[in-house]
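Summary of the model geometry
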Amino acid sequence: MQNLKKLFYSALTCTFLLNLNIPANSTQKEVKVYSGRHYNTDRSVYKQFADETGIKVRLIEAAGISLIERLKREGKNSQADLILLVDAARITNAAKAGLLQRIESNSLENDVPTGLKDKNKEWYALTRRVRVMVANPKVVDVSKIRDYTDLADPSLKGKVCLRNRKSPYNQSLVANQIVNKGESLTKSWLSGMISNVSQPFFPGDISIIRAVSKKKCGVGIVNHYYVARMLAGVNGRRDALYAKRTSVITPNPAHVNISAGGLAKYATNKNEAIKLLEYLASPEGSKGLAAPTFEHPLKEVNQNPIVKDFGEFIPDKVTVEDLGLNNSLAIKLMKDSGWD
Ligand SMILES: [Fe+2]
């Protein structure tokens, strides 16, 4: 039998059926995954799971926010069993919106470290990503930039590039600073940093790396794996050359964000969904997701030399729950500071 059994396209989503040696009308077990992780390499992890368990994985991919909107719209009619989202704010908002349900699983409790899981057991982290700074040594003195707060220094006037306020990655970074440093210091940091911005706000992390490389600005904030992917040539030769002209600065301690999964409120294949989530959070599964995307697995550090070259990082003590709790305040402070 073929490995890829069906391929559907619709305006919003594409659905892939994985696995595998299943008769057409069988009552084969399956799990339907709504995923905001849009990495082709995730499919080989699903395939591995399907091969090991005989449970079909039906994958529906869409951007994080539209997945949440879609789940809200579909309500009880939703087909989703397992929901995967990137970013702390997204997964905590999904829980807040009542889209998830509690899971009782010792293996998830053991495999997912404290701070990276929900106390109500509605979601669990699967991979980790570090929010780093990317700088052009020809534009700024890289040795003087160590922490996100340094981007507020008046010497960087006109040299800072940032992704727009809608980006949950930046919302979570600001939430992280609120927890770490308090509201008042976060406000002064934001006001200084935003006054150093001279470009319109950027639509994505990759465009920031390109702008830094082209000396349109001196320093920006991005997730580490975007630089790694570019350096590795995943986005083509030109982006590899752009990335090579930049330096990655890893703050220590660093703000670490996650991708995470939770059981859908109206899951019909509940046991299968929990099994898949347990697999994805296991050392093998987490590594399977994180290694090819240059993210970090839950308990280890990505061993790719490109990622290792960014330097060691010490995650700060802020929990994902804290990031979620401070999301609205973060958005408000960003708005007030002029972060568009
Ligand atoms: Fe991303």
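Note: the structure precedes this text.
Below, the structure is looked at part by part.

1. Here's the deal with the coordination of the iron ion
Protein coordination at the iron ion: the donors are Tyr169 (OH), Tyr225 (OH) and Tyr226 (OH), at 2.1 Å from the metal. Each donor residue of the iron ion lies on the same chain, and together they follow the pattern Y-x55-Y-Y. Of this pair, tyrosine 169 sits in helix 5 (residues 168–181) while tyrosine 225 is found in helix 8 (residues 224–231), placing the two residues 56 residues apart along the sequence. The burial state of tyrosine 169 is the same as that of tyrosine 225; both residues are buried.

2. Re the pairing of strand 5 (residues 82–86)
Of all 5 residues that make up strand 5, 5 are buried, and the element is covered over most of its length. Residues of strand 5 alternate between two faces, with Leu82, Leu84 and Val86 on one and Ile83 and Leu85 on the opposite face, all of them buried. Across 3 bridges, strand 3 (residues 30–35) lies against strand 5 in parallel orientation. Across the sheet, residue valine 33 finds its bridge partner in strand 5, namely leucine 82. By the bridge criterion, 5 bridges tie strand 5 to strand 11 (residues 256–264) in an arrangement that is antiparallel. Following the sheet pairing, leucine 84 is matched in strand 11 by glycine 261.

3. Some points on the packing of aromatic side chains
Each aromatic ring pair is summarised here by two numbers: the centre-to-centre distance and the angle between the ring planes. This structure, assessed with the given rule, holds 3 aromatic pairs. Judged by centre distance (5.7 Å) and plane angle (45°), the ring pair of phenylalanine 49 and tyrosine 279 falls under tilted. A residue pair is termed long-range when its members are at least 10 positions apart, and phenylalanine 49 in helix 1 (residues 42–53) and tyrosine 279 in helix 10 (residues 270–281) qualify at 230 residues. You can call phenylalanine 49 buried: its relative accessible area is 2%. Given the relative accessible area of 10%, tyrosine 279 is considered buried. Plain terms: the ring middles of tyrosine 225 and tyrosine 226 are 4.5 Å apart, the flat faces sit at 35° to each other, and that makes the pair tilted. We note that tyrosine 225, like tyrosine 226, is buried.

4. A look at the pairing of strand 11
Counting buried positions over the 9 residues of strand 11 gives 9, a clear majority of the element. Pairing between strand 6 (residues 100–101) and strand 11: 2 bridges, direction antiparallel. From the neighbouring strand, leucine 100 faces strand 11, where its bridge partner is alanine 264. Both strand 7 (residues 124–135) and strand 11 contribute to a ladder of 6 bridges, which runs antiparallel. What sits directly across from tyrosine 124, in strand 11, is glycine 261.

Cut-offs used in this document
- Residues numbered from 1 in each chain as written.
- Predicted model: local features only at pLDDT ≥ 70, side-chain atom pairs only at ≥ 80, totals over all residues.
- Heavy atoms only, no water.
- Donors = N, O, S within 2.8 Å, 3.2 Å for Na, K, Ca; no water.
- Helix = DSSP H or I, 4+ residues; strand = E, 2+ residues; numbered from the N terminus.
- Buried < 20%, exposed > 50% of the residue type's maximum accessible area, 1.4 Å probe, protein only.
- Pairing = 2+ DSSP bridges.
- Phe/Tyr/Trp six-rings, centres within 6.5 Å; stacked < 30°, edge-to-face > 60°.

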